[in-house]
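Here is how the chains run, residue by residue.
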Amino acid sequence: MRRDYRFASRLLIGAFVLGSCAYGGNIRKIPAATSGVGATASMRVWHGGNRMELTGELLTVEAGALTLLVEQGDTLAAILRVRTDALITLYFEGTGFGRSGDRPNARTVERWRLMSRYPMGLTEDQWTALLSHHGLDAVTPYGEPRRR
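Residues numbered from 1 in each chain as written. Predicted model: local features only at pLDDT ≥ 70, side-chain atom pairs only at ≥ 80, totals over all residues. Heavy atoms only, no water.

Caption draft 1: Examining the packing of aromatic side chains more closely. In total, this model carries one aromatic pair according to the counting rule given. When the ring centre of Trp 127 is taken as reference, the NZ or CZ atom of Arg 81 above it lies at 5.4 Å. (Phe/Tyr/Trp six-rings, centres within 6.5 Å; stacked < 30°, edge-to-face > 60°. Lys NZ or Arg CZ within 6 Å of the ring centre and 35° of its normal.)

Caption draft 2: The nonpolar core, seen in detail. In terms of nonpolar packing, the biggest core is built from 20 residues, with Met 43 and Val 82 touching the most fellow members. Of all the elements in the fold, those that place two or more residues in this core are β1 (40-47), β2 (50-62), β3 (65-72), β4 (75-83) and β5 (87-92). When residues no more than four places from it in sequence are discounted, the contact partners of Met 43 are Met 52, Glu 53, Leu 54, Leu 66, Leu 68, Val 82, Leu 87, Thr 89 and Leu 90. (Core = buried A, V, L, I, M, F, W, Y, C linked by side-chain atoms within 4.5 Å. Buried < 20%, exposed > 50% of the residue type's maximum accessible area, 1.4 Å probe, protein only. Helix = DSSP H or I, 4+ residues; strand = E, 2+ residues; numbered from the N terminus. Contact = heavy atoms within 4.5 Å.)

Caption draft 3: Local environment of the pattern of salt bridges. Evaluation of the coordinates by the stated rule reveals five salt bridges. A salt bridge links Arg 117 to Glu 57; the nearest nitrogen and oxygen atoms lie 2.6 Å apart. Of the two residues, Arg 117 is situated in the loop between α3 (106-114) and α4 (124-133) and Glu 57 in strand β2; the sequence distance between them amounts to 60 residues. Of the residues examined, Arg 117 reaches a relative accessible area of 28% and is grouped as partly exposed. Given the relative accessible area of 13%, Glu 57 is considered buried. (Salt bridge = Lys/Arg side-chain N within 4 Å of Asp/Glu carboxyl O.)

Caption draft 4: Focus on the pairing of β5. As paired elements, β1 and β5 share five bridges and run antiparallel to each other. Looking at β5, one finds that Arg 44 is bridged to Thr 89. In terms of strand pairing, β5 meets strand β6 (residues 97-100) through four bridges, oriented antiparallel. If you follow Leu 90 over to β6, its bridge partner there is Arg 99. (Pairing = 2+ DSSP bridges.)

Caption draft 5: Layout of the environment of Ala 65. Position of Ala 65 relative to the elements: it lies in strand β3. Along the chain, Ala 65 and Ala 86 lie 21 residues apart, while their C-alpha atoms are 9.2 Å from each other. Other than its neighbours up to four places away in sequence, Ala 65 contacts Thr 60, Arg 81, Val 82, Arg 83 and Thr 84.

Set out below in structure tokens:
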């Protein structure tokens, strides 16, 4: 009797694990992983003493900053480098990933990097080409450390 119980519990756990793999989090469900664009990031940021809202395509994730391509209609507004210590909230549309609260840890930042358009980063020449393609001179720094 006890042996049957152990077998049934192991079978149930195995079915749960296999079901989780099939129906749970899957990289193919994240738009940034299956297309040539980065995830769309919506965030609240401290800037100029105020809470500002931004939405744009996540281009790169670097040490201490996220780079966003922010557009308004058919015209490009800017490429912004947003400080991670300025973030109040962050949500990636269509992914279910988001955060609010304290500074992100290394694991969280690595997940964000994998959802960006250029997860390996860009060289100076590539940045120059990207900026000139959009008719811009430089990446605009954005955000200031959050108030505590």
